[in-house]
Amino acid sequence: MRIANATLADGRVVDVRVEDGRIAAVGDLDPVADEETIDADENLLLPGAIDVHVHFREPGFEHKETWETGSQSAAAGGVTTVADQPNTDPTTTTGAGFDAKADRAANSCIDYGINGGVTPDWDPESLFDRPLFALGEVFLADSTGDMGIDADLFSAAAERAGEAGVPVTVHAEDADLFDESAIEGDLGGIGRDADADAWSAYRSAEAEAVAVERAVRVGGETGAQIHIAHTSTPEGVDAARDGGATCEVTPHHLFLSRDDLADLGTYGRMNPPLRSEERREAMFERLADGRIDVVATDHAPHTVDEKDQSLLDAPSGVPGVETMVPLLLGAAVDGDLSLETVRDVVATNPADIFDLPQKGRIEEGADADIALYDLDAAREIRGDDLHSKCGWTPFEGFTGVFPEWTMLRGELVWDGESFGDVSGENVRA
Ligand SMILES: NC(=O)N[C@@H](CC(=O)O)C(=O)O
Ligand SMILES: [Zn+2]
Ligand SMILES: [Zn+2]
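Residues numbered from 1 in each chain as written. Chains lettered and ligands numbered in written order. Predicted model: local features only at pLDDT ≥ 70, side-chain atom pairs only at ≥ 80, totals over all residues. Heavy atoms only, no water.

Labelled according to an unreviewed UniProt entry, the chain appears under the name Dihydroorotase, originating from Haloferax marinisediminis. Note on the chain: under the UniProt heading Catalytic activity (unreviewed entry), the record states "(S)-dihydroorotate + H2O = N-carbamoyl-L-aspartate + H(+)". Entered under Sequence similarities (unreviewed entry) in the UniProt record, the comment concerning the chain runs "Belongs to the metallo-dependent hydrolases superfamily. DHOase family. Class I DHOase subfamily." (UniProt positions renumbered as here; feature names shortened; annotations may be inferred.)

**Re helix α7 (residues 234–242)**
Of the residues making up α7, those classed as buried are Pro234, Gly236, Val237, Ala239 and Ala240. Tucked into the core, α7 has its buried residues touching α6 (205–222), β11 (226–228), β12 (246–249) and α10 (277–288). Of the residues flanking the end of α7, it is Gly244, one or two places downstream, whose phi is positive at about 80 degrees. (Buried < 20%, exposed > 50% of the residue type's maximum accessible area, 1.4 Å probe, protein only. Helix = DSSP H or I, 4+ residues; strand = E, 2+ residues; numbered from the N terminus. Contact = heavy atoms within 4.5 Å.)

**Concerning the site of ligand 1**
Around ligand 1, a shell composed of 17 residues is seen, among which Arg57, Asn87, Ser143, Asn271 and Asp298 lie nearest. Between an oxygen atom of ligand 1 and a side-chain N or O atom of Arg57, the distance comes to 2.8 Å. Between Ser316 and ligand 1, the recorded distance is 3.0 Å, taken from a backbone N or O atom to an oxygen atom. Summarising the interface, the protein chains cover 100% of the accessible area of ligand 1, which totals 320 Å² for the free molecule. When the residues that make up the shell around ligand 1 are grouped by side-chain class, the tally is 3 nonpolar, 11 polar and 3 charged. (Near = heavy atom within 4 Å. Polar contact = N/O pair within 3.5 Å; in protein donor to acceptor, adjacent residues only side chain to side chain. Areas by Shrake-Rupley, 256 points an atom, 1.4 Å probe, with all protein chains shown as cover. Nonpolar A, V, L, I, M, F, W, Y, C, P; charged D, E, K, R; others polar.)

In structure tokens, the structure reads:
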């Protein structure tokens, strides 16, 4: 197959030949006999995005998401590889837990990695025997699933991962610095009427910076490769960089702030929480100038019924895997980001950090994981149009550029209207 007249993120207009699931050539390519040609019409061709932080909820919470619905949502958003987090039921903290998830992940229509988690009753022996994508997210404070661990266990786990050469991804918040007084008293009504700003005051910005500092210190002591998950503050990003760690930022911390919580209520409750508009702008600045390595979604679907509770009863987390690339491209169209930055933070950098040399690039020899975007076709994001089982988005009404189609290893997994019969594979297996 030849994809003709595709514009790459760097502005070059090229032809791309796909053979046996791989990119066979990039350049000015003459058609060969009987070759199928797709005319890209000078639209933007990006490497399939690698979302290193999703919660596809299966096994255990299939009412929120499954590997089938989560992976379809990803494909419809230009994502062709995901890494799934361990707070499922059973947790992915033992070899058996890993195997139970691997069984379900076989239903994924895109490629995937499976992370191993850490709890006091984990079984590192059997867990490290499995092909882990990373150890993580290691919860330094409780979040959905209550998997927070203490400092000693974190150090021991990092040591173990360092020996195994497995990267460690860290949920960096320090519960000792949470402000309990912020969630006492009147917290408003249910769902959108809840006072979710109290959640942001409770899980303070300082709690993140201190936890990031501890995580990078432990990385230095143990030799483990540390990657900070969902960094929500400029202080957290700077501390990660200064300490030699990589970091990721979510779309919600780039496009939403505490100012949005009056509308979102519990639909804007997540960990770490939304921050001030000033901090959001500082995050966007770090994204635009290359100080943020990765954008990853922390896709954490919960149902509308679950969110329609009081602030303290509603679970933390928002969906995002389908809207990540669309939102970033929307920002690029507005002139706020370069297309090369978008490509780097969603594809090339995660491939480099997590050692996926076959992914994240449009180059000869790479997997033909690619998506085509018409930058003139930005449209309104609507929860009803998305494919996650949860059926809502915190980005309702925002503008995004969705893929015309998405290909996994040379096969159309999303043609803009429907999903192909494509099977994802474990990228570490
Ligand atoms: N981010 C969240 O608020 N929730 C995540 C867990 C997590 O990533 O901390 C979830 O699994 O729901
Ligand atoms: Zn987390
Ligand atoms: Zn998470």
